[in-house]
Amino acid sequence: GIVLLGIKEKPISHFKVEGVKEPQRLITDLFNTLNNPKKISVNLLNDKDVQEVNIEGKTIIQIHIPVAHRKQKPVYLGENPLNRNTYRRLHDGDRYCDDEVVRRMLAERVEDERDSRILSGFSLDDIDNHSFRIYRQMFRDAKPGHPWLGLDDFTFLKKLRGWRHARETQKEGLTLAGVLMFGTWEAIQEACPHYFVDYQESTGDKAELRWIDRLVPDGSWSGNVFDFYRSVYRKLTDPTSLKVPFQLSKGQRKDDTPVHEAIREALINTLVHADYSGRLSVLVVKRSDRFGFRNPGNMRIPIEEAMKGGESDCRNRIMHQMFLMVGLGERAGSGIPKIYSGWSSQHWRPPELYEKNEPAQTLLELRMLELLPPGILEQLEVMFGEPFVQLGRTERLILATAAIEQVVNHARMTTINTEHSRDISAALKNLVKHGFLVANGQTRGAVYTLPNQGLPTPDEVFGRSEHLSESSAHLEGSSAHFKASSERDQDGRLLPPLLDAPIIHDLSQLSPTMQARLASLAIEPNTKGRVSKETMIKALLDLCEGHFVTIACLASLVNRAPHALRQQYIKQLVSEKKLRQAFPQSPTDGRQAYITCSKV
């Protein structure tokens, strides 16, 4: 994250630039401390991560702290990672890592393959014969003619590294990978006491407690990873619930669509990246509108790197290779991009990949919700004809977003599209060049609309002669008199014919009843210097319910500076589609107004 030195926050959410005296001396002291192994275990910073920044004539220090790599963790104070010297940032504070968490990080540091460990006292009797026989048949189907096909079971298992001989210790036996992948339930429980795999299927939402199908190790099947994968993949891709159109290849139907590939990769990723020493279970959930995957343990590389592809650090590499040998899964570094591209092929909302720390876990949600309303692509095809059909997926998605949301910009497309930022910029430029979009503004700050969109501008609503700044309007209590010829309703709200709802731009013009109602909605943030983020958000959404309210009026009602209010709250609510702008093509205009989005 980013640390800023020289910024004062008092009260909460009110920031003031104080500046840093002798910044070079402070930077020198910082690096001296970071490079002292008696003070901290590793220095993650280099010169480019620490910069002096001038704001309002004062110098602050901006420090970019990168993510520590697996082999650098844990980063701890002093010379001992245990005894409360290791911390983890959770929410708004630092929390001690208990010794169990620290030891797990130390194990991750030294063990590139968590599943290569040789298990003492285990034998071939601990392998489930039925599971292993099915795997060998899948291997035969995937690799006909392979030289391993003629090997006996024991030699074949050694080739897969399910049985390993350690040269340095002369120890040999079943590996953790062999037992997890093909073992009996009794053997797995002895090797991994906390191991548990769980599949849950429901037709309801998260509040639904009754499952229509569930698979857990209950003694009726082996309970191993390989059998769990085979059973669960069939359930996830059941054609009666996963209604994905088949594709054609050389005139033949392809049952394995990009969506099937994405689901398969998500399931295998969950199984081969799981930390089976953790107390959390592997969990796969299927609902009518989504799939959910959870594995114990955080990712070994940053999520941003995983999404780009090309880099991999698999926790259970032997198990991953076992899946690859029967044609399942993707090569190192390509799995996550495969999941994202498979989901985007249906114009569904992008997958959500994230981590939690207490306990450590990685979660992936695949929602089968349309990113585009039904019929929008057909409308655009009617509007633009055959040239629209010839556009690529990114260009079509940009135009569909512009049609749905009235405007589109570079920042918005990066949140709903997996293409590289440069590719999005090129697509926007190409659409403008060929007349599909009209640009307003320059570079990445520009906003784009469809031709003849007819969006109202602040000048058209309020008149061209009034251009009050946010700050002056706020200081005057939003009593500015715009030269607008529109009528007003009984509450004193302006009724511009170009907008689809009334607009409040001048609090003094409102009826006493409306003034009192708005004041009651904003009473807590208006009278208190500090309120919770949830309280402020609720007040803003309530104030904007049923009408547009200008930023100056909102700032006056909640007793905050307009610019700070926009940066700290309004921008987020607009991006989350909780507030809608009156003038989306002019997002930073001082006369911008907002209305609460309709609840779907």
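Note that the coordinates shown come from a computational prediction; the quantities given were computed from them, not determined experimentally.

*Asks:* Whenever I open this one, the state of the cysteines confuses me. Can you help?
*Replies:* Disulfides are covalent bonds that connect the sulfur atoms of two cysteines. In this structure the tally under the stated criterion is zero disulfides. Cys-544 takes part in no disulfide bond, and the closest cysteine sulfur to it belongs to Cys-597, at a distance of 10 Å. Classification of Cys-597 as partly exposed rests on a relative accessible area of 22%.

*Asks:* Explain a nonpolar patch on the surface to me, please; I cannot follow it from the model alone.
*Replies:* Judged by side-chain polarity, Val-3, Leu-5, Leu-26 and Ile-65 come together as a nonpolar surface patch covering roughly 260 Å² of accessible area. Relative to the helices and strands, Val-3 resides in strand E1 (residues 2-5). With relative accessibility at 33%, the residue Val-3 sits in the partly exposed group.

*Asks:* In this structure, what is going on with the pattern of salt bridges? I would like to understand it.
*Replies:* Pairing between side chains of opposite charge can happen when their charged atoms approach one another. A full pass over the atoms with the stated rule returns 22 salt bridges. Between Glu-113 and Arg-161 there is a salt bridge; the shortest N-O distance is 3.0 Å. With Glu-113 in the loop between helix H2 (99-110) and helix H3 (129-142) and Arg-161 in the loop between helix H4 (153-159) and strand E8 (163-165), this pair connects stretches of sequence that are 48 residues apart. Taking relative accessible area as the criterion, Arg-161 reaches 32% and is therefore assigned partly exposed. A salt bridge links Asp-313 to Arg-317; the nearest nitrogen and oxygen atoms lie 3.1 Å apart. Look at Arg-317 and you get partly exposed, because its relative accessible area is 32%. Through salt bridges with shared partners, a single ionic network connects Arg-300, Asp-313 and Arg-317.

*Asks:* I'm lost on helix H11 (residues 335-344) in this one. Help?
*Replies:* Within an α-helix, residues lying three or four positions from one another point in the same direction, as the helix has 3.6 residues per turn. Counting buried positions along H11 yields seven of ten residues, so the element is predominantly enclosed. Residues of H11 that are buried: Gly-335, Ile-336, Ile-339, Tyr-340, Gly-342, Trp-343 and Ser-344. Those residues of H11 that are buried are in contact with helix H8 (258-272), strand E15 (290-296), helix H9 (303-308), strand E16 (352-357), strand E17 (360-367) and helix H14 (393-405).

*Asks:* Would you mind going over the environment of Val-432 with me for this structure?
*Replies:* Of note, Val-432 is situated in helix H16 (residues 421-433). Exposure remark for Val-432: the relative accessible area of 30% places this residue in the partly exposed category. Counting along the chain gives 88 residues from Val-432 to Ser-344, while the straight-line C-alpha distance between them is 24 Å.

*Asks:* Please clarify how the sheet that holds E17 should be interpreted in this entry.
*Replies:* Pairing within the open sheet is mixed, and its six strands lie in the order E11-E10-E14-E15-E17-E16. In the strand order of this sheet, the two ends are held by strand E11 (213-215) and E16, each with one partner. Strand after strand, the sheet turns through a mean of 10 degrees between neighbouring axes, direction not considered. Here strand E10 (residues 197-201) runs beside strand E14 (residues 282-287); their pairing, made up of five bridges, is parallel. Bridge assignment links Asp-198 to a residue of E14, and that residue is Leu-283. The sheet contacts of H11 involve E15, E16 and E17, and relative to E17 the element is tilted by about 25 degrees.

*Asks:* Please clarify how a positive patch on the surface should be interpreted in this entry.
*Replies:* Together, Lys-8, Lys-10, Lys-16, Lys-58 and Arg-530 line one region of the surface with positive charge. Among the secondary structure elements, Arg-530 is positioned in the loop between helix H20 (523-527) and helix H21 (533-543). The class for Arg-530 is partly exposed, based on a relative accessible area of 49%.

*Asks:* Can you help me understand the environment of Gly-435 in this one?
*Replies:* Secondary-structure assignment places Gly-435 in the loop between H16 and strand E19 (438-440). Through-space distance from the C-alpha of Gly-435 to that of Ser-123 is 70 Å; in sequence the pair is 312 residues apart.

*Asks:* Help me understand the nonpolar core, please; the structure alone is not making it clear to me.
*Replies:* Counting residues in each nonpolar core, the largest one holds 71 residues, and the members touching the most others are Phe-182, Phe-228 and Tyr-276. The leading source of residues in this core is H8, at eight residues. With sequence-adjacent residues up to four places away left out, Phe-182 is seen in contact with Ile-127, Asp-128, Ser-131, Phe-132, Tyr-135, Leu-157, Leu-160, Asn-224, Phe-226 and Met-322. Membership of the second largest hydrophobic core comes to 27 residues, among which are Ile-504, Leu-554, Val-558 and Tyr-594.

*Asks:* What is the right way to look at the packing of aromatic side chains in this model?
*Replies:* Two measures describe an aromatic ring pair: the distance that separates the ring centres and the angle between the ring planes. Counted according to the given criterion, the structure contains 20 aromatic pairs. Between the aromatic rings of Phe-132 and Phe-182, the centroid separation amounts to 5.2 Å while the plane-to-plane angle is 75 degrees, which identifies the pairing as edge-to-face. Taken together, the positions of Phe-132 in helix H3 and Phe-182 in helix H5 (residues 176-182) put the pair 50 residues apart, joining distant regions of the chain. As far as the burial class goes, Phe-132 and Phe-182 line up, both buried. Considering the side-chain rings of Phe-139 and Phe-156, the 5.2 Å spacing of their centres and the 75 degrees angle between planes classify their relative orientation as edge-to-face. Of the two residues, Phe-139 is situated in helix H3 and Phe-156 in helix H4; the sequence distance between them amounts to 17 residues. Accessibility assignment for this pair places Phe-139 and Phe-156 in one class, buried. Of the aromatic side chains, those joined through ring pairs into one cluster are Phe-132, Tyr-135, Phe-139, Trp-148, Phe-156, Phe-182 and Phe-226. One residue, Arg-136, lies across the ring of Phe-156, its end atom 4.2 Å from the ring centre.

*Asks:* Explain unusual backbone geometry here, please?
*Replies:* Backbone phi values are negative for most residues with the exception of glycine, while trans is the configuration of most peptide bonds. Following Lys-73, the chain continues to Pro-74 via a peptide bond in cis, the omega torsion being 0 degrees. Its place among the elements puts Pro-74 in the loop between strand E5 (58-64) and strand E6 (87-90). With phi around 70 degrees, Arg-161 is a residue other than glycine that occupies positive phi space.

*Asks:* What's the story with the pairing of E10 in this structure? I'm lost.
*Replies:* On a regular strand, each side chain points to the face opposite its neighbour's, so the side chains alternate between the two faces of the sheet. Of all five residues making up E10, five are buried, and the element is well covered by its neighbours. By the alternation rule, side chains of E10 split into Val-197, Tyr-199 and Glu-201 and Asp-198 and Gln-200, which are all buried. As paired strands, E10 and E11 are joined by three bridges and run antiparallel to one another. Considered in E11, the bridge of Glu-201 is made with Asp-213.

*Asks:* Any chance you could explain the pairing of E16 here in plain terms?
*Replies:* Across six bridges, the pairing between E16 and E17 is antiparallel. If you follow Asn-357 over to E17, its bridge partner there is Ala-360. Taking the residues between adjacent antiparallel strands as the criterion, E16 and E17 are bridged by two residues.

Quick notes on the rules
- Residues numbered from 1 in each chain as written.
- Predicted model: local features only at pLDDT ≥ 70, side-chain atom pairs only at ≥ 80, totals over all residues.
- Heavy atoms only, no water.
- Disulfide = S-S within 2.5 Å.
- Buried < 20%, exposed > 50% of the residue type's maximum accessible area, 1.4 Å probe, protein only.
- Patch = residues over 30% accessible without salt bridge, like charges linked within 9 Å, V, L, I, M, F, W, Y side chains within 5 Å.
- Areas by Shrake-Rupley, 256 points an atom, 1.4 Å probe, with all protein chains shown as cover.
- Salt bridge = Lys/Arg side-chain N within 4 Å of Asp/Glu carboxyl O.
- Helix = DSSP H or I, 4+ residues; strand = E, 2+ residues; numbered from the N terminus.
- Contact = heavy atoms within 4.5 Å.
- Pairing = 2+ DSSP bridges.
- Axes fitted to C-alpha atoms, helices over the stretch in contact; angles between N-to-C directions.
- Lys, Arg positive; Asp, Glu negative; His and termini not counted.
- Charge placed at Lys NZ, Arg CZ, Asp CG, Glu CD.
- Core = buried A, V, L, I, M, F, W, Y, C linked by side-chain atoms within 4.5 Å.
- Phe/Tyr/Trp six-rings, centres within 6.5 Å; stacked < 30°, edge-to-face > 60°.
- Lys NZ or Arg CZ within 6 Å of the ring centre and 35° of its normal.

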